Each structure stands twice: as C-alpha cells, then as structure tokens.
Amino acid sequence: MALTGYSWLLLSATFLNVGAEISITLEPAQPTEGDNVTLVVHGLSGELLAYNWYAGPTLSVSYLVASYIVSTGDETPGPAHTGREAVRPDGSLDIQGVLPRHSGTYILQTYNRQFQTEVGYGHMQVYEILAQPTVLANSTALVERRDTLRLMCGSPSTTAEVRWFFNGGALPIALRLGLSPDGRVLARHGIRREEAGAYQCEVWNAVSASRSEPINLTVYFGPERVAILQDSTTRTGCTIKVDFNTSLTLWCVSRSCPEPEYVWAFNGQALKNGQDHINISSMTAAQEGTYTCIAKNTKTLLSGSASVVVKLSAAAVAMMIVPVPTKPMEGQDVTLTVQGYPKDLLVYAWYRGPASEPNRLLSQLPSGTWIAGPAHTGREVGFPNCSLLVQKLNLTDTGRYTLKTVTLQGKTETLEVELQVAPSFVPSPHLPPQPWGSSVTLETSREKSSSHHPLVLALMPQVICESPAPQLAKDCPS
C-alpha cells in the first residue's frame, strides 16, 4: 500500500524517535526579506521513505508545510504551505522570496523503512529591510522647566530595535532615563535649555538600519542676567561719568530665547525706544539721571531689568562765576552764581580777597553745612551749588572774591571774580560828601532784605550735590 498525504502523520505518532541527531542550518545565515532561503538538513541516516516539514513549534497538522515521498518525488502541500516552499530530495526545504512572516521554528520529520521517525529543529529569522521611521512630537517649542517633551518613533516594523540620537550623538543620561521600555517613546518632564536641539530615532536589526529625519526642538527661557554695557564693559548698578557734550551708547543684553523685547526708561519714565540700545548724542545736565532697561520675553512671559546712573564728569564744563545782578547797587543783594561747579565736589570755601585764612568768608562741608570764617560779616550765605549770597551790599563790599573747590579725587581749583557795588544815589552839592563805606543813612531808607529772597530760591539746586567719602568714589568695581 502506498502511503501518501497525511497518512504519514498517523505513523509518526507511533514510531517517534526522540533521540534525533538531525540539525538544520540556513543559507544564507541571516536572510533578508525577498531572499531565496534553503533550510539545509544535516545528519540524515539510513534509507528514508518520506519527509514532513512543519512551520511551527509542534508536529501539528495545522503547521504542516509539505510531505515528500523520497521514492517517487511526490510532494503534497499542507495547511501551512504559502506557495513559496519546495522540498528537495535530500530533505532540505527551499523557500522563495521569504517574508518576515516566514520567521519562526521549522521542524523536519523523517521516516525510514522500519517506519521509525526522527526529527530535527531549526529556526529562521527573516530580517526586514527597514523603512525610514518618523519622529512625532507633542510640540517643537517648549518653555523651560514648565513644559513636558514627548517624542515617539513611528515605524511600520514592530520587531526592529529602536535607538535615539541627539544632535547626531548619543542621548544624554537625563534623556535616556525618559525612554519607554520598548525605546519607542521619549518623555522629559520640565525640559531644560540644554536639551534643545535635533532629535532622531533609528530602527535597526541585524541586516538593516534606517534613521529618521531630524526634528528640531526649541526651548524658550529667560530673560536672565539682564545687564547694561558700555563699550563691552558691564555697567549695571554703577554710575557712569560722561564728559560734557560727548556721546554715550548704552546696550542692553540678556540671556534669553527668543530675543526679548526691550523697553527703556529714564528716571522712571518710559522712552519711545524698542531697541536693544539707547544713544545719548550730546551729554548735558538734562541727560543726567537713571537709565533702566527692561527685557521682556513674550514666550516665557518673564522679564528682567537693569539700571545705571549717568552723570556729567567733574570736568564737564568750565567753571565760571556770574554776579546776579551783574551791576548791583548799594543796599541790594547779590548772588555770585557758580556755573559748571564740580559734580563730585567735596568742599569749597569763599574768600574776600586772596585765598588765605584771614580772608575766608565761609566753607561748605560734605554734610551740607557751612562754617563762617574770619571775614564773615553775617550777611554771607553759601549754597550746595557753590554760589554765594551777599545781602544788603555796601560800598565796602566792592572788590575781589575768590572761590576755592576741592573734589573727591583731591583736585583743587581756584576762581576769582571782581564785584563792583554802585552807590544808590549821587551826593547833593549842598551836602558834605559821605565817606565810602558809610551806609547808615542808606540802610535806614530801605526795607530789610528777607532771608527768602526770590533770587535765592531760584538758584537753589533741585538735587543736592553728592559728596560721598573719597574712598567710595570709584565708578564701578573692577
């Protein structure tokens, strides 16, 4: 009786020999989808009648690929036959154009004339030619320490391994800790600025690898370390001294992504300037004050600021003395107004005549108080802007007046002015001429001058002259 078809399966249940020495190898050893593969059989012995090939883990009918009768060369397909398999006379199995679904365990079952059977096991892994994966992101623009990054590597292959790249290299350790167990999802809570850059994922197997296009991640942060620069030197929190009529450019810098918006303020009042710098083209007293830069980040909704104080330097303008009024009369008050006095003034003194101690009228101290000198008559008053008020002039007040100033840096400057006091009337020929300096009659004919003379109030400075200790006079720390 000829045994064909599935009748060999019934025999195998009775005569199974578990001591098989059959081995199976692959040619090629690492097949790629589309390859023609042969499962080569080794260790066959005796005169064999038939072969059964199974594509599965057990000798089950559902896994039967084909049965082959050696004497006739007849081959009968089984339920697991895909149309690509063929059995060779030596027992080997050919598969044309393998696909990933051909991967798995293969079993060869042989029968000899005594109806004894042996089995051999082999395993085939068909490697895919991997398509390029894609990286999907929940967002490519995140706010530092606020947002969460979530990247997913999309690939048709479910068996390929996945690895990630950051700016072309390996992931930093912090990012690696955010990988899912299968490596396909990368999550990072509270993203950091140093994690901004290009991300790629790569799928790979033993014979193929494919890397995605980079996806670029931006991390918004700042502004931080807002500072004001002058000629590349940080000036934040310092006082900048500028010569009279010279130019000055202040730059506002910060660490920020994206570049912040800038707002400048002068003495607390906003300026119409949206640039990262401000220019003072011609420095005068009107430009003295506090300049503040405010940097605003529209993405992080954060802001920061920095300020500097700009002042005229000590030698900003040439110092000069102007009497007001210019031609005072006997009985009037006169103010010897000082223009361009040193802004870093430490002390000054007025003298009637040469600058010597017997001639000193008064001295102004850093505290703002003044001390009367030997020549003080009680009619002289000093002001913080170095001006001198002489009240109720008489003819003897005519003469030279000397101002001596000392700055915080120890610079001394002396300035003189001639004062002419005109008589209040021309003597009558019927009256004996009055000697110079006699002013009793004149004084009794005039009202006493108020200590709140309107001219004095007009000359009072709006800002008290700064007078810090000399050792504190540096503009900025080095």
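Up top is the structure these notes are about.
A quick note: this is a predicted structure, and the numbers were derived from the prediction, not measured. Residue positions are given per chain, counting from 1 as you read along its sequence in written order. This being a predicted model, a pLDDT of at least 70 is required before a residue's local features are given, and a value of 80 or more before pairs of side-chain atoms are given or counted; all residues contribute to the totals for chains, interfaces and linings. Computation of side-chain values covers all heavy atoms of the structure but excludes hydrogens and water.

### Structural notes on the nonpolar core
Within the largest apolar cluster, 23 residues are counted, with the highest numbers of intra-cluster contacts made by Ile321, Leu336, Val338, Trp350, Leu388, Tyr401 and Leu403. Residues are treated as being in contact if the distance between any of their heavy atoms lies within 4.5 Å. Excluding its chain neighbours within four sequence positions, the residues that come into contact with Leu388 are Val334, Thr335, Leu336, Trp350, Leu361, Leu362, Glu380, Val381 and Tyr401. We call a set of buried residues a nonpolar core when its members are Ala, Val, Leu, Ile, Met, Phe, Trp, Tyr or Cys and they connect through side-chain atoms within 4.5 Å of each other. With a 1.4 Å probe rolled over the protein chains alone, any residue whose accessible area is under 20% of its type maximum counts as buried; one over 50% counts as exposed, and the rest are partly exposed. Counting 21 residues, the second largest nonpolar core, distinct from the first, contains Ile24, Tyr51, Tyr68 and Val98.

### Section: the pairing of strand β24 (residues 289-297)
Examined bridge by bridge, strand β21 (residues 261-266) and β24 share 6 bridges and lie antiparallel to one another. Looking at β24, one finds that Ala265 is bridged to Thr292. Between any two strands, at least two bridges found by DSSP are needed for them to pair. Here a strand is any run of E in DSSP of at least two residues, a helix any run of H or I of at least four, and the numbering for each starts at the N terminus. Here β24 runs beside strand β25 (residues 302-312); their pairing, made up of 9 bridges, is antiparallel. Its bridge partner lying in β25, Tyr291 is registered against Val308. The antiparallel pairing of β24 with β25 creates a hairpin that spans 4 residues between the two strands, and Leu301 there sits at a positive phi of about 65°.

### Section: the sheet that holds strand β10 (residues 134-137)
Pairing is antiparallel across the open sheet formed by 3 strands, whose spatial order is β10-β12-β14. At either end of the open sheet lies a strand with only one pairing partner, and these are β10 and β14 (185-188). Each neighbouring strand pair of the sheet contributes to a mean axis angle of 15°, computed without reference to strand direction. Sheet analysis places β10 next to strand β12 (residues 149-154), joined by 4 bridges and oriented antiparallel. Each residue of the ladder has a partner; that of Leu136, found in β12, is Met152. Every axis corresponds to a line fitted to the C-alpha atoms, with the helix fit spanning only the stretch in contact, and the corresponding angles, defined between N-to-C directions, vary from 0 to 180 degrees.

### Regarding the state of the cysteines
Here, a disulfide means two cysteine sulfur atoms that sit within 2.5 Å of each other. A complete count under the given rule lists 2 disulfides for this structure. The side chain of Cys153 participates in a disulfide bridge whose partner is Cys201; the two sulfur atoms lie 2.1 Å from each other. Negative torsions about the S-S bond denote left-handed disulfides, and the value of about 70° found for Cys153 with Cys201 makes this one right-handed. With Cys153 in strand β12 and Cys201 in strand β15 (residues 197-204), this pair connects stretches of sequence that are 48 residues apart. Relative accessible area serves as the criterion here: at 0%, Cys201 is assigned to the buried category. The disulfide partner of Cys252 is Cys293, and the S-S distance across this bridge is 1.9 Å. On the S-S bond that ties Cys252 to Cys293, the torsion sits near -85°, and the link is left-handed. With Cys252 in strand β20 (residues 248-257) and Cys293 in strand β24, this pair connects stretches of sequence that are 41 residues apart.

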